[in-house]
Amino acid sequence: RKPRPVRPLTHGCAGEENWVDNRTIYVGHREPPSGTEAYIPQRYPDNRIVSSKYTFWNFVPKNLFEQFRRIEMVRLFFVLQLIIDTPTSPVTSGLPLFFVITVTAIKQGYEDWLRHKADNAMNQCPVHFIQHGKLVRKQSRKLRVGDIVMVKEDETFPCDLIFLSSSRGDGTCFVTTTSLDGESSHKTYYAPDIYKFAGRINVYHDRNEPIARPLGSENLLLRGATLKNTERIFGVAIYTGMETKMALNYQSKSQKRSAVEKSMNVFLIVYLCILISKAVINTTLKYVWQSDPFRDEPWYNQKTESERKRNLILRAFTDFLAFMVLFNYIIPVSMYVTVEMQKFLGSYFLTWDEEMFDEDTGEGPLVNTSDLNEELGQVEYVFTDKTGTLTENNMEFIECCIEGHVYIPHVICNGQILRDCTGIDMIDSSPGGSGKEREELFFQALCLCHTVQVKEDDNIDGLKKAQLSRRSCVYISSSPDEVALVEGIQRLGYTYLRLKDNFMEILNPKNDIERFELLEMLSFDSVRRRMSVIVRSVAGDIFLFCKGADSSIFPRVTEGKIDQIRSRVERNAVEGLRTLCVAYKKFTRKEYDSVCKLLQNAKLALHDREKKLAEAYEQIEKDLILLGATAVEDQLQEKAADTIEALQKAGIKVWVLTGDKMETAAATCYACKLFRRNTQLLELTTKKIEEQSLHDVLFDLSKTVLKHSGSLTRDNFSGLSTDMQDYGLIIDGAALSLIMKPREDGSSDNYREHFLEICRNCSAVLCCRMAPLQKAQIVKLIKLSKEHPITLAIGDGANDVSMILEAHVGIGITGKEGRQAARNSDYAIPKFKHLKKMLLVHGHFYYVRISELVQYFFYKNVCFIFPQFLYQFFCGFSQQPLYDTAYLTLYNISFTSLPILLYSLMEQHVSTEMLKREPSLYRDIAKNALLRWRVFIYWTFLGLFDAVVFFFGAYFLFDNTTVTSNGQMFGNWTFGTLVFTVLVFTVTLKLALDTHYWTWINHFVIWGSLLFYIIFSLLWGGMIWPFLNYQRMYYVFMQMLSSGPAWLGIILLITVSLLPDVLKKVLCRQLWPTATERTQIMSRHCRDHTSEFTPLASLKNPRYRSNDCSNSPARRSNSHSKKRMFTHWKGNDYSILPSIFGYSNNRCNSSARYCYSGSGLETSV
């Protein structure tokens, strides 16, 4: 047999729509037959997949380069060049740098090693292929383009293949794409994420002209998909390795940076300016001070001749660099390591949350990146998908309307639902004559116009399926709507049996099997929003059955009960049902031949095939006869309405972006409380724009919403107010396209700003009929607006990936539409309801904790280095260090690092229950409130004040004073040690005062850190260390502690340093308390007044109120348990005290009329 070349294939990748690859592939690497075009061998990559970032050889230089690109690392690299001749030892300056670089490199190296390990496992898996007519086995990485590959059932495709042959008689194969997009449904072709794939295969028989066959996406088997329900298939490799579709989708995502990280970098620049200013001031004052010859060259320290001849500018520059190194500790190097550890460890608190675990799916939350934890506490806009996110994506067939008559699959009789009943007419008498014929055509259309597959086995993929009525079979489809329709029609008497040998079989109500030959299938796409099949009946009649959205079907019908069906569709849409319209067309033999020729020409086109197919479909799907419509219900997810209500109370605006029609989406928005009864809906739709110009519509909407803007501040809008006008905006995809399109005159003043101004004054926005790209455009439009709000996108399907990647925070739902959204997201949760706790609790904690961590690091470094700056005024600006080398090195690494790390992991300034109960507390931290300039300046000045107290307090307390029992004076190292001791105790106790949530771990770390400092100082100064070339700290710490005035001074200075911050907090809490502080006071008040007689319900429900009991409690021994139950009966409160604990039952008189029905909290009487 002659070789079969796969003629030019065009292949595009997501995000690169203009990139097209053309290639000619000879199957099995056979040489082309004589007489064909010149054959030029092409080189293609092998089948290796590389997702790792580093190799063994480039890890060190590449990793160092990436680390030094960060702003703080540039400074560290600069410092590293200066440690050769500086006032501090190279170890002192280099150890923190080495620690930061090493920890970061180990973390990134470990992550890359895991990627290498995964790559090797994938590249070394065995593959069967044909070589010289024999079936051989080799590793996947050795596959080449043109190899003929055999894949068996339940095996994954090792590369992108063109499907050649199958073990099934009908020449098809079934594929699941679970590993690609999470879809467990069986497909006969792969449709998602295929852009511009077109080609043809030429089959040569002897020397005859080749027979051309079109190749399309239905023939392309993608790497990573799995073969199902097919014994084996053969395919030719066309794209291998990093050119496969899966590898092309590995394209790196844009690096997302949180608002906290941006604030950190800005604060670093400020502190870098302070560092330079300190160095400049000290260098200038040094030469001013040395202008006196006696000070510059005293008699005991004469300069050498070379030092005298040294250039003044060079000396000044050297001194400037030396001061830079001396003061460089003001920039918190270890803060970045601590932040990385805090984010990494803190992410586990989210994954460990049992309340966010879904028992139905057996899955919990997933953290794909921990870099955005704190961003969860700053969200201002939530963009959510509808189907599968707000709704269950569990479709149930409700009714169908045929020629104005409504049919339902079950009947309600005497309050009971009678399942599996035949259809009955809910409006008029059953249709007769032509009506019966239309009814039969409608049911036939629903049984034939779909992509449903039938699995005639109770066991499918290891899961036991319930037997369907009339036939033991399982319907499988990539669309749950299609399964719901086929199952619903089955309950109305028509059962789809199977597709065999290109014949579709259905079982009618008379138990007769009807067979239809499938001639053509016009596949569904998001632009046409419809699909069609062309079938031939046994009698020879050729029908086109079309099914699609009402907006796509109604303009193409010319006959039928259009008005009656349209009204029913609109009624169902208002009730939140998903609707589809069904139409048909009958072809003559001549008409079908022309249709067949038209389709064949379009399919064989190599260029603009999609456009030509769309034009062909447009010509074929016209002049239809309307048969009826269907209604399918997608139920709202559990607690979706409560979640949206809580988010609105937290000041978060919720937008719904969906591809559904406006009426259906609006009904869902009402059901989930996005729109309320008093919400005035504003429409910016194609229908409105057709009646008026876009400019006029925008002007009218702006005038409407801005009337109340003076009395309504949307930032403070809770979304629940009833005394002010509440607006909701509805926009469709076509109107959005006009808004995003620049004006024809080229002016920059387009309609976007007007649109954004309207949206800012609406409490909720619904975007319907949205394409996936338009969802991303909406998110980007809001993200780049002048307020630069923090956005969050949440969805569950592959069509939501674009907006998930575009938003600041992307959240995927592990739902029924697959896992592609979850894999491309930053976080994944099982259900939409879990978003409430993720933002209001975890996000709140994450932000508060890391904000305190950042501010605290800057504060403690100011406290640390400013005394060193002041000390230069007393040592002739000689660059003499105030602290010992060991203290300089270990201050940030050991003495003060662990308490703030534990604080940033465990602090709870408000209880979890209070945060869930009071969503408005989220507003206190909105817009980066804890890292604003006012707060940053306060922390900086607090550090300066404490540093001044440390230095001058020690200076004036012990100036010209005998502080030891033998009359000796303190030396400079004792003075520095005293300042450092006050410093360590003050910054640690400051953190202890800020801690609201105490555990044994906090106690152990905080007091343990202070104890470690004392023990280290005793050991460091208590013996002579042989590896040191100096012993200046010997006995210094012990001598200081042996002095009574030193003890008194330490206690006094710590108290004075902490006093201003304590007074400020007390005054602000009493005079100007925030909502969080009021909640803290209320919580503490409730705890203080909670006695053993407080009903348990009051500990669970804040609305529970009870008067004090008039009787005193019964006496009991202290060893008894304090458990008791309260209940109410006929105006009296009863304390139910179990006798087993030695209690007696007491009655308490109460005038309160209440009755609490808790979940197992009270015992009935």
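- In the annotation of an unreviewed UniProt entry, the entry for the protein reads Phospholipid-transporting ATPase, and the organism field reads Gopherus evgoodei.
- In its Subunit (unreviewed entry) section, UniProt records this for the protein: "Component of a P4-ATPase flippase complex which consists of a catalytic alpha subunit ATP11A and an accessory beta subunit TMEM30A."
- Its UniProt record gives the protein a comment under Sequence similarities (unreviewed entry), which states: "Belongs to the cation transport ATPase (P-type) (TC 3.A.3) family. Type IV subfamily."

## Here we look at the overall build of the protein
Working step 1: Secondary structure summary: the protein contains 36 helices and 41 strands in total.
Working step 2: Out of the 1165 residues belonging to the protein, those deemed buried represent 52%.
Working step 3: Surface summary for the protein: the accessible area is close to 55,400 Å², and the carbon and sulfur share equals 55%.

## Considering the packing of helix α6 (residues 259-289) against helix α9 (residues 312-327)
Helix-helix packing is described using two parameters, namely the angle between the two axes and the distance between the axes.
Working step 1: Orientation of α6 relative to α9, taken along the N-to-C sense of each, is 135 degrees, at an axis distance of 8 Å. Here α6 lies oblique to α9, going by the angle between them. Remark: the crossing between α6 and α9 carries right-handed chirality. Each of L275, I276, K278, A279, V280, N282, T283, K286 and Y287 in α6 lies in contact with α9, whose residues at this interface are L312, R315, A316, D319, F320, F323, M324 and F327.
Working step 2: When its residues are assigned to classes, the contact of α6 with α9 shows 11 nonpolar, two polar and four charged.

## Here we look at the packing of helix α21 (residues 733-740) against helix α23 (residues 772-783)
Working step 1: Closest axis-to-axis distance for the α21/α23 pair is 11 Å, and the angle between their directions is 50 degrees. For the element pair α21 / α23, the angle class is oblique. Crossing hand, α21 versus α23: left-handed. Here α21 contributes G733, L736, S737 and M740 to the contact with α23, which in turn contributes Q774, Q777, I778 and L781.
Working step 2: Along the lines of polarity and charge, the residues of the contact of α21 with α23 split into four nonpolar, four polar and no charged.

## Thoughts on the pattern of salt bridges
Working step 1: Using the criterion set out here, one finds 38 salt bridges in the structure.
Working step 2: A salt bridge links E374 to K343; the nearest nitrogen and oxygen atoms lie 3.2 Å apart. Residue E374 is found in the loop between β14 (366-367) and β15 (381-384), and its partner K343 is found in helix α10 (residues 334-351); the two are separated by 31 residues along the sequence.
Working step 3: Three or more residues are tied together by salt bridges with common partners; here these are D353, E355, K837, E913 and K916.

## Quick word on the environment of E633
Working step 1: Checked against the element boundaries, E633 lands in strand β31 (residues 624-636).
Working step 2: Judged by its relative accessible area of 28%, E633 is partly exposed.
Working step 3: In the structure, E633 is positioned 238 residues away from M395 in sequence and 5.6 Å away in space, judged by C-alpha atoms.
Working step 4: Setting aside anything within four residues of it in sequence, one finds E633 in contact with N394, M395, E396, I398 and L577.

## Some details on the pairing of strand β13 (residues 232-239)
Working step 1: Burial of β13 is extensive: six of the eight residues sit out of reach of the surface.
Working step 2: Summarising the sheet, strand β5 (residues 148-152) and β13 pair through five bridges and their orientation is antiparallel. Residue I148 lies in a different strand from β13, and its bridge partner there is V236.
Working step 3: Looking at chain direction, strand β6 (residues 160-166) and β13 are connected through six bridges and run antiparallel. From the neighbouring strand, F163 faces β13, where its bridge partner is G235.

## Concerning the sheet that holds strand β33 (residues 679-684)
Working step 1: Strand order across the open sheet formed by nine strands is β14-β38-β37-β36-β15-β32-β35-β34-β33, with mixed pairing between neighbours. Either end of the sheet is taken by a strand with one partner, and the two such strands are β14 and β33.
Working step 2: Of the pairings in the sheet, the one linking strand β34 (residues 726-732) to strand β35 (residues 764-768) comprises five bridges and is parallel in character. Considered in β35, the bridge of G728 is made with A764.
Working step 3: Along the sheet, helix α22 (residues 752-760) contacts β32 (653-657), β33, β34 and β35; its crossing angle with β34, the most-contacted strand, is approximately 140 degrees.

## A closer look at a nonpolar patch on the surface
Working step 1: On the surface, M341, F344, L345, Y348, F349 and W352 cluster together to form a nonpolar patch covering roughly 580 Å² of accessible area.
Working step 2: Tracing the backbone through its elements, the reader meets F344 in helix α10.

## Some thoughts on the environment of I804
Working step 1: Along the chain, I804 falls in helix α24 (residues 801-806).
Working step 2: As for I804 and L792, which are separated by 12 residues in sequence, their C-alpha atoms are 7.7 Å apart.
Working step 3: Setting aside anything within four residues of it in sequence, one finds I804 in contact with K256, A793, G795, G810, I811, G812, A821, N824 and S825.

## Topic: the packing of aromatic side chains
Working step 1: Scanning all chains against the criterion turns up 56 aromatic pairs.
Working step 2: Taking 6.0 Å as the distance between ring centres and 75 degrees as the angle between the ring planes, the aromatic pair formed by Y381 and W655 counts as edge-to-face. In this pair, Y381 sits in strand β15 while W655 sits in strand β32, placing the two residues 274 residues apart along the sequence.
Working step 3: Exposure remark for W655: the relative accessible area of 1% places this residue in the buried category.

## Describing unusual backbone geometry
Working step 1: Phi at E403 takes a positive value of approximately 55 degrees, unusual for a residue other than glycine.
Working step 2: Phi at N511 takes a positive value of approximately 65 degrees, unusual for a residue other than glycine.
Working step 3: Overall, N511 belongs to the exposed group, its relative accessible area being 53%.

## As for the UniProt feature "active site" (unreviewed entry) in the protein
Working step 1: The residues that UniProt annotates with the feature "active site" (unreviewed entry) are D385.
Working step 2: Tracing the backbone through its elements, the reader meets D385 in the loop between β15 and β16 (391-402).
Working step 3: When residues no more than four places from it in sequence are discounted, the contact partners of D385 are L390, L657, T658, K775, I794, G795, D796, D800 and M803.

## A few points about the sheet that holds strand β4 (residues 134-139)
Working step 1: Sheet architecture is open: six strands sit in the order β4-β3-β5-β13-β6-β11, paired in antiparallel fashion. Strands at the two margins of the open sheet, each flanked by one partner only, are β4 and β11 (220-221).

## Things to note about the side chain of Q868
Working step 1: Position of Q868 relative to the elements: it lies in helix α26 (residues 834-871).
Working step 2: Here Q868 falls in the buried class, since its relative accessible area comes to 1%.
Working step 3: Sequence-distant contacts of Q868, defined by excluding residues within four places in its chain, comprise L326, F327, Q880, P881, L882 and Y883.

## Section: helix α17 (residues 640-649)
Working step 1: Most of α17 sits out of view: seven of its 10 residues are buried.
Working step 2: Regarding α17, the residues found buried are A640, A641, T643, I644, A646, L647 and Q648.
Working step 3: As for α17, its buried residues are in contact with β15, β31, β32, α18 (662-671), β35 and α26.
Working step 4: Following α17 by one or two positions, G651 adopts a phi angle in the positive range, close to 85 degrees.

## Digging into the pairing of strand β37 (residues 809-813)
Working step 1: Most of β37 sits inside the fold, with five of its five residues counted as buried.
Working step 2: Covered by surrounding structure in β37 are V809, I811 and I813 together with G810 and G812, the residues of both alternating faces.
Working step 3: In terms of strand pairing, strand β36 (residues 791-795) meets β37 through four bridges, oriented parallel. Counterpart to G795 in the pairing with β37 is G812.
Working step 4: Alignment of β37 against strand β38 (residues 827-829), held across three bridges, turns out to be parallel. Residue pairing across strands places G812 opposite A828, the latter belonging to β38.

What counts as what
- Residues numbered from 1 in each chain as written.
- Predicted model: local features only at pLDDT ≥ 70, side-chain atom pairs only at ≥ 80, totals over all residues.
- Heavy atoms only, no water.
- UniProt positions renumbered as here; feature names shortened; annotations may be inferred.
- Helix = DSSP H or I, 4+ residues; strand = E, 2+ residues; numbered from the N terminus.
- Buried < 20%, exposed > 50% of the residue type's maximum accessible area, 1.4 Å probe, protein only.
- Areas by Shrake-Rupley, 256 points an atom, 1.4 Å probe, with all protein chains shown as cover.
- Axes fitted to C-alpha atoms, helices over the stretch in contact; angles between N-to-C directions.
- Parallel < 35°, antiparallel > 145°, perpendicular 65-115°, else oblique.
- Left-handed = near helix turned anticlockwise from the far one by under 90°.
- Contact = heavy atoms within 4.5 Å.
- Nonpolar A, V, L, I, M, F, W, Y, C, P; charged D, E, K, R; others polar.
- Salt bridge = Lys/Arg side-chain N within 4 Å of Asp/Glu carboxyl O.
- Pairing = 2+ DSSP bridges.
- Patch = residues over 30% accessible without salt bridge, like charges linked within 9 Å, V, L, I, M, F, W, Y side chains within 5 Å.
- Phe/Tyr/Trp six-rings, centres within 6.5 Å; stacked < 30°, edge-to-face > 60°.

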